[in-house]
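Below are the chains, spelled out letter by letter.
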Amino acid sequence: MSGHNSSELQVLCSSGQLFLQPLWDRLRTWEVLLQSPFFPVIFSITTYVGFCLPFVVLDILGPWVPALRRYKIHPNFSPSARQLLPCLGQTLYQHAVFVFPVTLLYWARSPVLLHREAPELLQLVSHVVLCLLLFDAEVFVWHVLHHKVPWLYRTFHKMHHQNSSTFALATQYMSVWELFSLGFFDMLNITLLGCHPLTVLTFHVVNIWLSVEDHSGYDFPWSTHRWVPFGWYGGVAHHDLHHSQFNCNFAPYFTHWDKILGTLKPAPLPAC
Ligand SMILES: [Zn+2]
Ligand SMILES: [Zn+2]
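Throughout, residues of each chain are indexed from 1 in the direction in which the sequence is written. Starting at A for chains and at 1 for ligands, labels are handed out in the order in which the entities are written. A pLDDT threshold of at least 70 governs which residues receive local features in this predicted model, and a stricter bar of 80 or more applies before side-chain atom pairs are shown or counted, although totals over entire chains, interfaces and linings include all residues.

## Notes on the overall build of the protein chain
Helix and strand counts for the protein chain come out as 11 helices and 0 strands. Shown N-terminal to C-terminal, the secondary structure of the protein chain runs as helices and strands in the order α-α-α-α-α-α-α-α-α-α-α. Both definitions apply: the radius of gyration is a C-alpha atom measure, and the globule rule equals 2.2 Å times residues to the power 0.38. Whereas a compact globule of 272 residues would reach a radius of gyration of roughly 19 Å, the protein chain reaches 20 Å, a difference of no more than 12%. For the protein chain, the C-alpha atoms occupy an extent of roughly 60 × 40 × 40 Å along the three principal directions. Starting at the N terminus, helices and strands are each numbered in turn, a helix being any DSSP run of H or I of at least four residues and a strand any DSSP run of E of at least two.

Given below as structure tokens:
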């Protein structure tokens, strides 16, 4: 909490910022890294690969540890090295050749400004939830369109459907257009809401985790969909049905848009 005197602390307490201020003060000591033009790409790749890695290890252990199969959506499926490596290669290639130049241009136009004050906890949580809901709605419309128009499907979305049984590293196996569309929706919402940089980081971590979990092929007792009541959140089995049947469950995370438009197909009841 260094750098704040007692009157500032009182203000922070009353505004609900105190909870996040120590974390934000710590992050701001890495200001040079956070404001670097390389940070968005480094952050995106390390978070993504970091979240994929435990699932890759489970997939490698799968044939020797039968107990793991009870958590798998497709118990007899394990991705081979010939499936895993092209997916990883595609992610690294697209980030180096396409994402990095674009983030560099964005950084040059609007360098990252690190506010001194942390956001209020309630504001951070509400902005992350709003960003997720908006992202879910935008991707739902994009996704339906790219399935209903055959040219759009063939040209831009078919690549993501190459793996009918999904695995973590297949999450970002997609065309450059699809990757940029998702990135655009992501940036649009945080800009519209005027999110604090800490909120932006939190939203990106949550968004990357949920997308990897959706494709992981594992339905664990602690999976996100089990924490959200009333079937509001789809989860891994829900998105797996989209990959195997194509005509249902278009929303990436929540179920309300598919329910309203009659494209919701409930996933089979979990075994655990
Ligand atoms: Zn699709
Ligand atoms: Zn998918």
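## Points about the packing of helix α6 (residues 121-148) against helix α9 (residues 197-215)
Axis definition: a line fit to C-alpha positions, over the contact stretch in the case of helices; interaxial angles, taken between N-to-C directions, run 0 to 180 degrees. Look at α6 against α9: their axes get within 9 Å of each other, and the N-to-C directions meet at 50°. What the angle tells us is that α6 and α9 run oblique. Along this stretch, α6 crosses α9, giving a crossing that reads as right-handed. Contacts between α6 and α9 involve Leu124, His127, Val128, Cys131, Leu132 and Phe135 from the first element and Leu198, Thr199, Thr202, Phe203, Val206 and Asn207 from the second. Between 65 and 115 degrees an angle is taken as roughly perpendicular, under 35 as roughly parallel, over 145 as roughly antiparallel, and anywhere else as oblique. Working rule for handedness: look at the near helix, and if it is turned counterclockwise from the far one by less than a right angle, call the crossing left-handed; if clockwise, right-handed. By the convention adopted here, residues are in contact when the distance between their C-beta atoms, placed from the backbone, does not exceed 7 Å.

## A short note on the environment of aspartate 219
If you trace the backbone, aspartate 219 turns up in the loop between α9 and α10 (236-245). Exposed residues have 12 or fewer other C-beta atoms within 10 Å of their own C-beta, buried residues have 20 or more, and partly exposed residues fall in between, where C-beta atoms are placed from the backbone. The exposure class assigned to aspartate 219 is buried, which follows from the 23 C-beta atoms found within 10 Å. Expressed as a C-alpha distance, the spacing of aspartate 219 and isoleucine 73, which sit 146 residues apart in the sequence, is 6.7 Å.

## What about the UniProt feature "domain: Fatty acid hydroxylase" (unreviewed entry) in the protein chain?
UniProt positions are given in the numbering used here, feature names are shortened, and annotations may be inferred rather than shown by experiment. Mapped onto this structure's residue numbering, the UniProt feature "domain: Fatty acid hydroxylase" (unreviewed entry) falls at residues 128-263. The span residues 128-263 is 60% helix and 0% strand, and its two end C-alpha atoms sit 26 Å from each other.

## As for the UniProt feature "transmembrane region" (unreviewed entry) in the protein chain
UniProt's entry tags residues 38-62, 92-109 and 121-145 with the feature "transmembrane region" (unreviewed entry), counted in the numbering of this structure. Summarising residues 38-62: 92% helix, 0% strand, and an end-to-end C-alpha distance of 36 Å.

## Topic: the nonpolar core
Core analysis: the largest hydrophobic core is formed by 20 residues, its most contacted members being Cys131, Phe140, Ile190, Phe203, Ala251 and Tyr253. Those elements that place two or more of their residues in this core are α6 and α9. No other element matches the 7 residues that α6 contributes to this core. Excluding residues that lie within four positions of it along the chain, tyrosine 253 makes contacts with Leu132, Asp136, Leu210, Tyr233 and Gly234. Listed in part, the 13 residues of the second largest apolar core include Cys52, Phe55, Leu58 and Cys87. Among buried residues, those of type Ala, Val, Leu, Ile, Met, Phe, Trp, Tyr and Cys that are joined through C-beta atoms within 7 Å form a set called a nonpolar core.

## Side note on helix α4 (residues 39-61)
Here α4 contains 23 residues, and its C-alpha end-to-end distance of 33 Å stays within 8% of the 33 Å for a straight helix at 1.5 Å per residue. The sharpest bend along α4 comes to roughly 30°, located at leucine 53, with the proline proline 54 sitting one to four residues further on. Along its buried surface, α4 packs onto α5 (81-109) and α9. Under the convention used throughout, the expected extent of a helix is 1.5 Å for every residue step, that is, one less than its residue count. One axis fitted to the seven residues ending at a residue, another fitted to the seven starting there: the angle between these axes is the bend at that residue.

## Considering unusual backbone geometry
With a phi close to 70°, phenylalanine 246 is a non-glycine residue in the positive phi region. Here phenylalanine 246 lies in the loop between α10 and α11 (256-260). We classify phenylalanine 246 as partly exposed; it has 13 C-beta atoms within 10 Å. One non-glycine residue, asparagine 249, adopts positive backbone phi at about 50°.

## A closer look at α9
Between the first and last C-alpha of α9 there are 27 Å, a value that for 19 residues agrees with the 27 Å anticipated at 1.5 Å per step. Taken as a whole, α9 has its buried residues at Thr199, Val200, Phe203, Ile208, Leu210, Ser211, Val212, Glu213, Asp214 and His215. Summarising the contacts, the buried residues of α9 are in contact with α4, α6, α8 (176-193) and α10. Positive backbone phi, at 85°, marks glycine 217, one or two positions downstream of α9.

## Details of the packing of α4 against α9
It is the contact of α4 with α9, at a shortest axis distance of 10 Å, that shows an interaxial angle of 40°. Compared by their axis directions, α4 and α9 come out oblique. Crossing of α4 against α9: the hand is right-handed. Of the residues in α9, those touching α4 at Thr47, Tyr48, Phe51 and Cys52 are His204, Val205, Ile208, Trp209 and Val212. Amino acid classes used here: Ala, Val, Leu, Ile, Met, Phe, Trp, Tyr, Cys and Pro are nonpolar; Asp, Glu, Lys and Arg are charged; the rest, including Gly, are polar. Here the contact of α4 with α9 is built from residues that sort into 7 nonpolar, 2 polar and no charged.

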